[in-house]
Amino acid sequence: MNDIRKLLARMDLDQKIGQIQGVVPMDLVDFEKLQDPTSPPPDLSKGFPYEIGRLPRVRPHGVGHLSLGWQLDQDIEGLRRALAGFQEIAREVNPLGIGVLIHAEGVNGLVHPQGHQFATPWGQAASWDPATSRAVGEIAARQARSVGIHLFFSPLLDLARDVRWGRVHETYGEDPELVARMGIGFIRGVQGDSGESGMLATGKHFLGYGSSLGALNQAATQLGRRELTDVYAEPFRRAIAEAGLCVIMNSYNEIDGIPAAANRWLLTDLLRGQLGFDGLVVSDYDSVTMLHKTYRTAATPGHAAAQALSAGLDVELPSAAMTSRLRPLVEDGTLPEEVLDRAVERVLELKARFGLIPQIRSTPPAEARAISAAEADQQARLVAKAAVTLLANDGILPLTPGSARIAVVGPAADEIRIHFGSYSSVADAEVPQAIMRIATGQVAGVQATPDVFPDLFQTKLPGIEPVFEEGARRLHPGALTVLEAIRAIDPEVTYHPLGSLQADAPAIDAPAVEAVIADADVVIAVVGERTGWVGNHTAGEGRTTANPALPGNQSELVEALRAAGKRVITVVVSGRPLLIEPVHRASAAVLLAPLLGHVAGATIADVLYGIVEPAGRTPSTFPRHVGQIPMYHGHPAGSGHDHPALPRHGYIDLPDSSPLYPFGHGLTYTSFDLTLEEARLEEGAFHVHATVHNTGTRAGTAVVQLYARDEAGSVVRPVRQLVDFARVPVEAGASQAIGMVVPLARLAYTWPDGRRGVEAGEVALLLGLSSADIRHTKTIDVPELVLE
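Quick summary incoming for the structure in this document. (Residues numbered from 1 in each chain as written. Predicted model: local features only at pLDDT ≥ 70, side-chain atom pairs only at ≥ 80, totals over all residues. Heavy atoms only, no water.)

What to know about the overall build of the protein chain
Part 1 of the reasoning: Check the secondary structure of the protein chain and you find 23 helices and 25 strands.
Part 2 of the reasoning: In terms of C-alpha radius of gyration, the protein chain reaches 26 Å, essentially the compact-globule figure of 28 Å for 788 residues.
Part 3 of the reasoning: Of all intrachain contacts in the protein chain linking residues separated by at least 6 positions in sequence, the fraction that spans at least 24 positions is 76%.
Part 4 of the reasoning: Across the protein chain, 67 positive and 91 negative side-chain charges occur, with their mean positions spaced 2 Å apart. (Helix = DSSP H or I, 4+ residues; strand = E, 2+ residues; numbered from the N terminus. Rg over C-alpha atoms; globule rule 2.2 N^0.38 Å. Contact = heavy atoms within 4.5 Å. Lys, Arg positive; Asp, Glu negative; His and termini not counted. Charge placed at Lys NZ, Arg CZ, Asp CG, Glu CD.)

Below, the structure written as structure tokens:
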């Protein structure tokens, strides 16, 4: 610390401000040359025309951070050279030779054309196994570190409880315990158990981002401080305490009129005070700019930067739009220089850890064996197999090759692109395509000016889908579509390209559908939605849907198949719960494929034919109707769809107000029974012992779930709270013993007097196989526990 402060004392004001700023590859593009009609257009297959030699002109006083660092070169070896070259130039610009922190994304693998890719986080969460997210984090971090990257802006620790929100697929679901455990798994994979990996993870978005007004991206969050502290902050609290999380990114929202980027209660009182965080807080991209332009809480760019720093934020990203106007406010005393110094000190502490400060020695990271593409693909298949979730089955699955005449239909059956989410290599490759089309005036009705880029996520790109599909196939040439994978197992299946994802799709011609599939005994309908950043995707960042149903005429297609007298197996490709009750009613089986990436086709086919068991469980509740949203299992007693003792008020226009598929639900090709052997409270923790029995004829995996309910409290408590879970493989006819130890502190909440803890009284432990399939209940008296 003394060395850091000595270094800080040698820096002038401009150099200090440089350390809290980012630079983005787009800052290194000569747009005048790009838009010059006499210049040949760039070959985007080789990447965007970035010029790292422009850095001294762009950041003459040095720079703290390189945002979107993976974009500098599309070849992984070229990226290593480009980042090394960038570091060399950055050190030359900085008079003290300080290097740059290089950021990337990696929540489902390193975002790069040659990055190893995995199922999206919501898919990983469907495994209900933190070892899954840990494996993804470790492989992604090794690859990133090998090219010179220091930080992942992953994972999302947001709770996703409104399925209209476009970023559900980036999260680990709706429940604080599941999100915390999966997030901690990823963080430990990235950082190592003791922070020895040479990479760091970032927890985002602090706080309540996924519960915005109307599910709109970046909108207000209408939650009270108790719920924010006890529920939404819980994954962050756990990650800080249990995984050494030391970088956090703020949210875009505003809470009770104060934007998160300028919210001192949020970033200082709660985060650093109550949660004990002592690391670096970075801004989500352009959230400081939003203080001035969107929320209008700051009259000038400089005041926006001052507001953010005063609240406890340390770094503006991705670039320097607001902090570039900060100097006058420091000089006139509006922002005390010691506030700026505090932020710079935190940046330098992190840089010293990575050996980016020549004057300060650091401990080199432990050596890590490189992960080959073959090893990464093998892990991707394991993740996907654990994530596929059987939502419904009347016994039609698994199929047997050649035993029936099978037709395959649906717009997702012969497509690769649909299996990828945002923050994937595929989605990332689409962004330059969109920018180039907009910048060069190729999009009708959109003026080619920089003003459109803040609305990049909203800009429609008519006819872009074949281009994006070609891009996905180019990046993953070995990937099979669902149709191709099914035919590899059962060559006699037929294919009919019925249905459309397009919003303006024509109505289904039911007689024509019936005629096309007349010879089939069984129809496999592969449906879903596309997810990404740009183009015409219906899910992704900035892509909220008022009605999160299957887009186009896909629901109508499945209903027409059933009306034709066919048994329908529906495969739903989606990174969030969709409103699919009509599909459920029309289907003999429903299989969820939660954005499994390039291994999706083969995995789905293997599950359909029983080569692999369906082993996933829902990380989110599936509503029946849009009017039930937000819907989640752990709602407060007296609200929502459930109550431990009383009937609940339902919707008078719905015959059933319960979820279509509850949280933690998933079927297998076998059956399980569960015996509670013992449940007791000892030394401040619940000790639960149980036995899982496989009562079927096939091997399978049970996911045993332990919930708790505070039977009385001075504030309203949830109807149930997930406190532990275990993924348990069991052979046919065999049994497996499990043990769970849950600290009583896991049930802590904020009391009316402001203290946190657990009040004395009865706690019910609920052991089951889903939130709606509770097999055993045990009530235990607990003593008072005061934490704060």
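From this point, things continue past the structure.
What to know about the sheet that holds strand β11 (residues 406–409)
Part 1 of the reasoning: Ordered by their spatial adjacency, six strands build an open sheet running β10-β15-β14-β13-β11-β12, and the pairing between neighbours is mixed. One side of each edge strand has no neighbouring strand; the edge strands of this open sheet are β10 (389–393) and β12 (494–496). The sheet shows a mean angle of 20° between the axes of neighbouring strands, taken without regard to direction.
Part 2 of the reasoning: Here β11 runs beside β12; their pairing, made up of three bridges, is parallel. From the neighbouring strand, V408 faces β12, where its bridge partner is Y495.
Part 3 of the reasoning: The strands touched by helix α19 (residues 482–489) are β11, β12 and β13 (522–528); relative to β12, the strand with the most contacts, the crossing angle is about 165°.
Part 4 of the reasoning: Its contacts with the sheet put helix α23 (residues 600–608) on β13, β14 (567–573) and β15 (589–593), and the angle it makes with β15 is roughly 150°. (Pairing = 2+ DSSP bridges. Axes fitted to C-alpha atoms, helices over the stretch in contact; angles between N-to-C directions.)

Focus: the side chain of D158
Part 1 of the reasoning: Looking at the element boundaries, D158 is found in the loop between β4 (151–152) and α8 (176–191).
Part 2 of the reasoning: Of the side chains bearing the opposite charge, R167 lies closest to the buried D158, which forms no salt bridge; the N-O distance is 6.6 Å.
Part 3 of the reasoning: Here the side chain of D158 touches H205 through a polar contact of 2.8 Å, side chain to side chain.
Part 4 of the reasoning: Ignoring anything within four residues of it in the chain, the contact list for D158 reads W165, T171, G173, V179, K204, H205, Y209 and G210. (Buried < 20%, exposed > 50% of the residue type's maximum accessible area, 1.4 Å probe, protein only. Salt bridge = Lys/Arg side-chain N within 4 Å of Asp/Glu carboxyl O. Polar contact = N/O pair within 3.5 Å; in protein donor to acceptor, adjacent residues only side chain to side chain.)

Describing the packing of helix α9 (residues 225–232) against helix α10 (residues 234–243)
In helix packing, the relevant descriptors are the interaxial angle and the interaxial distance, both defined with respect to the helix axes.
Part 1 of the reasoning: Two numbers describe how α9 lies on α10: the axes approach to 5 Å, and their chain directions differ by 45°. Relative to α10, α9 is oriented oblique. Contacts between α9 and α10 pair T229, D230, V231 and Y232 from the former with E234, P235, F236 and R237 from the latter.
Part 2 of the reasoning: Looking at the contact of α9 with α10, its residues break down into four nonpolar, one polar and three charged. (Parallel < 35°, antiparallel > 145°, perpendicular 65-115°, else oblique. Nonpolar A, V, L, I, M, F, W, Y, C, P; charged D, E, K, R; others polar.)

Focus: the nonpolar core
Part 1 of the reasoning: In this structure, F152, F206, L326, I524, I580 and L608 are the most contacted members of the largest nonpolar core, which totals 221 residues.
Part 2 of the reasoning: Sequence-distant contacts of L608, defined by excluding residues within four places in its chain, comprise L397, P398, L399, I486, I524, I569, V571, L591 and Y669. (Core = buried A, V, L, I, M, F, W, Y, C linked by side-chain atoms within 4.5 Å.)

A few points about the pattern of salt bridges
Part 1 of the reasoning: Evaluated as defined, the whole model comprises 39 salt bridges.
Part 2 of the reasoning: Linked by salt bridges that have partners in common, E177, R181, E234, R237, R238, E242, D724 and R746 make up one network.

Examining the sheet that holds strand β6 (residues 247–250)
Backbone hydrogen bonds hold the strands of a sheet together, and the pairing may be parallel or antiparallel.
Part 1 of the reasoning: Spatially, three strands are ordered β5-β6-β9 in an open sheet, and the strand pairing comes out parallel. For this open sheet the edge positions go to β5 (203–206) and β9 (280–282), each flanked by a neighbour on one side alone. The mean inter-strand angle of the sheet, taken between neighbouring strand axes irrespective of direction, is 30°.
Part 2 of the reasoning: Note that β6 and β9 share three bridges and pair parallel. Bridging across to β9, V247 finds its partner in L280.
Part 3 of the reasoning: Running at roughly 130° to β5, helix α11 (residues 264–274) makes contact with β5, β6 and β9 of the sheet.

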